[in-house]
Amino acid sequence: MRGDGLRLYAEDGTEYLDAVAGTFNLPLGYNHPCVIKAVEQQLGLMSHISSDLARPHAQRLVDRLLQLAPPGIDAGWIRDATGSTAVECAIKIAQKATGKSDVITLFHAHHGQTTMAGSISGPAWRRRRFPAYGSPGVLRVPDPNCRNCFYKQTYPSCGILCAHRIADIVQQAGRESTACLIVEPVLGNGGNIVPPEGYFQTLRKICDDLGILLIADEVQTGVGRVGSFFASARMGIEPDIIVLGKGLGGVGLPIGAVLMRQELDVLEPADHSFTGGGNLLALAAAHATLDVVGDEGFLAGVRRRGGYLGELLGTHLQSHPVVGDVRGVGMMWGVEIVGHDGRPDAGAAAAVVSCARERYRLITRSSEYGRGNVVKVRPALTATEEDLDEVVDRLRMSVHDVAGV
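Quick caveat: nothing in here was measured; it's all calculated off a predicted structure.

Cut-offs applied
- Residues numbered from 1 in each chain as written.
- Predicted model: local features only at pLDDT ≥ 70, side-chain atom pairs only at ≥ 80, totals over all residues.
- Heavy atoms only, no water.
- Helix = DSSP H or I, 4+ residues; strand = E, 2+ residues; numbered from the N terminus.
- Rg over C-alpha atoms; globule rule 2.2 N^0.38 Å.
- Buried < 20%, exposed > 50% of the residue type's maximum accessible area, 1.4 Å probe, protein only.
- Contact = heavy atoms within 4.5 Å.
- Areas by Shrake-Rupley, 256 points an atom, 1.4 Å probe, with all protein chains shown as cover.
- Pairing = 2+ DSSP bridges.
- Axes fitted to C-alpha atoms, helices over the stretch in contact; angles between N-to-C directions.
- Expected span 1.5 Å × (residues − 1).
- Phe/Tyr/Trp six-rings, centres within 6.5 Å; stacked < 30°, edge-to-face > 60°.

A.B. asks: Would you mind going over the overall build of the protein chain with me for this structure?
C.D. replies: Within the protein chain, the secondary structure is distributed over 12 helices and 15 strands. In terms of overall size, the protein chain behaves like a compact globule, its C-alpha atoms giving a radius of gyration of 21 Å where 405 residues would be expected to give roughly 22 Å. Considering only C-alpha atoms, the protein chain reaches an extent of 60 × 55 × 45 Å along its principal axes. In the protein chain, buried positions account for 58% of the 405 residues. Within the protein chain, residue pairs in contact and separated by at least 24 positions form 74% of the contacts whose partners lie at least 6 positions apart. Looking at the protein chain as shown, the accessible area adds up to about 16300 Å², and 51% of this sits on carbon and sulfur atoms.

A.B. asks: Explain the sheet that holds strand S1 (residues 2-4) here, please?
C.D. replies: Through backbone hydrogen bonds, the strands of a sheet pair up, either in parallel or in antiparallel fashion. With mixed pairing, the four strands of this open sheet are ordered in space as S1-S2-S3-S13. If you trace the sheet from one side to the other, it starts and ends with S1 and strand S13 (362-363), each paired once. Sheet topology places strand S2 (residues 7-9) next to strand S3 (residues 15-18); three bridges connect them, and they run antiparallel. Bridge pairing in S3 places Arg7 opposite Leu17. Helix H12 (residues 385-403) rests against S2, S3 and S13 of the sheet, and its axis sits at about 100 degrees to S3.

A.B. asks: Even after reading the chapter, I still don't get the sheet that holds strand S10 (residues 256-260), so can you show me in this structure?
C.D. replies: Taken in spatial order, the seven strands make up an open sheet running S4-S10-S9-S8-S7-S5-S6, and their pairing is mixed. With partners counted over all chains shown, the strands left at the sheet margins are strand S4 (75-80) and strand S6 (138-141), one partner each. Adjacent strand axes in the sheet meet at a mean angle of 20 degrees, parallel and antiparallel pairs treated alike. Taken together, the four bridges between S4 and S10 define a ladder with antiparallel strand orientation. From the neighbouring strand, Asp80 faces S10, where its bridge partner is Gly256. Of the strands in this sheet, strand S5 (102-106), strand S7 (178-183) and strand S8 (213-217) are in contact with helix H7 (residues 199-210), which crosses S7 at around 170 degrees.

A.B. asks: Is there a simple way to explain helix H2 (residues 33-45) in this structure?
C.D. replies: Note: α-helices contain 3.6 residues per turn, so residues at a spacing of three or four share the same orientation. The terminal C-alpha atoms of H2 lie 19 Å apart, and with 13 residues this matches the ideal 18 Å at 1.5 Å per residue to within 8%. Tucked inside the fold, the buried residues of H2 contact helix H9 (280-293).

A.B. asks: Looking at this structure, how should I read the pairing of strand S12 (residues 332-337)?
C.D. replies: Within a regular beta strand, the side chains point alternately toward one face of the sheet and then the other, so they alternate between its two faces. Within S12, six of the six residues are buried, leaving the element largely enclosed by the surrounding structure. Of the two faces of S12, the one carrying Met332, Gly334 and Glu336 and the one carrying Trp333, Val335 and Ile337 are both buried. With six bridges connecting them, strand S11 (residues 323-329) and S12 associate as antiparallel partners. Note that in S12 the partner of Gly328 across the bridge is Trp333.

A.B. asks: Please clarify how the packing of aromatic side chains should be interpreted in this entry.
C.D. replies: To describe a pair of aromatic rings, one takes the distance between the centres and the angle between the planes. What the rule picks out here adds up to four aromatic pairs. Measuring from ring centre to ring centre gives 5.1 Å for Phe150 and Tyr151, while their planes differ by 85 degrees; the resulting arrangement is edge-to-face. Phe150 sits in the partly exposed class, given a relative accessible area of 48%. A ring pair is formed by Phe229 and Phe230, whose centres lie 5.1 Å apart and whose planes are at 70 degrees; its orientation type is edge-to-face. As far as the burial class goes, Phe229 and Phe230 line up, both buried. Following the ring pairs from residue to residue traces out a cluster consisting of Phe107, Phe150 and Tyr151.

Structural data, given as structure tokens:
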């Protein structure tokens with residue numbers, strides 16, 4: 001296969017339109033010339049050196065990321081090749097810095113596939129048949145899902161009960177052992193859940209009151225996905241630690257990064273380091289990606305086209321009888337599929353994904369690895385309005401065909 005922009009071409013010449021940017025890790029689409037040129041130049045010089053020698057190269061990327069980071073984030077660590085291990089790095093930092101062990105996560109959180117990341121992720125099916133995925137010291141709390149509220153409340157009259165209850169749960173479970181709370185700015189694999197206004201500000205106060213650290217897992221939402229380089233800035237989060245991955249490699253090169261407040265820069269190289277972490281090719285790709293995505297004019301375009309995408313989805317799908325909700329921010333949207341009784345229908349969502357690919361040559365994905373009922377729409381940030389028109393039209397036809405109406 002080969003790719004160009006949002007287009008994929010199979011060996012038989014069939015053309016597909018990619019509405020999810022690979023695995024949400026291609027913010028600049030396939031084969032963006034700036035990134036490809038940078039990687040080719042680096043490959044011609046050297047592809048890999050030992051971590052000690054690579055450290056100055058990684059630090060240059062850290063310095064650039066810190067220039068874009070929210071206030072108070074002034075140190076960084078790049079020794080990861082994936083978002084999963086970068087999440088593990090953030091947890092290690094929190095544990096070492098606080099001397100505590102426990103981690104708070106959300107019911108439908110997705111933080112990665114490694115043993116620790118899988119252990120702290122939400123759904124129980126992630127850990128079935130894998131004894132090493134046991135999760136001692138993990139405290140799971142309800143999501144800020146206003147459409148399907150765990151507490152059967154209605155926003156804003158609820159007073160953001162889901163956030164305030166965290167303090168009660170932590171105190172009952174043993175606040176003295178809790179190191180951190182990790183949260184995605186938008187719960188991606190959990191159903192594209194966008195927390196309500198005031199939620200993150202409440203989390204910040206709770207963390208301060210309880211003496212625990214707040215980690216923003218921006219593996220999916222970072223690098224411009226929501227219209228600001230860091231979703232924390234747009235969503236009103238004031239994190240102690242930020243995790244990046246996926247899109248940082250621009251066109252799919254694997255890399256992870258962890259940024260934090262200076263006093264949390266506590267790890268020694270032996271505490272967390274991987275052979276391929278911060279390799280030269282990935283660093284080159286990340287620098288080139290920042291050249292494009294780090295520009296405010298580019299991000300303004302993402303916000304504008306993201307708003308256009310949301311309007312299209314709302315206009316063409318919101319009123320459909322099997323669409324329960326359309327929600328998102330920037331270029332990160334989800335279409336919730338329900339049955340005619342209004343209940344979540346994961347089977348129908350999976351059928352929409354299959355129909356879109358087989359019949360309309362549109363590549364998309366559904367939440368929770370096909371077990372959820374939300375169809376994800378996250379095209380490359382370089383998508384034009386014409387591209388978005390085509391994405392929504394193909395998705396609309398797919399939903400219509402599966403619903404049979």
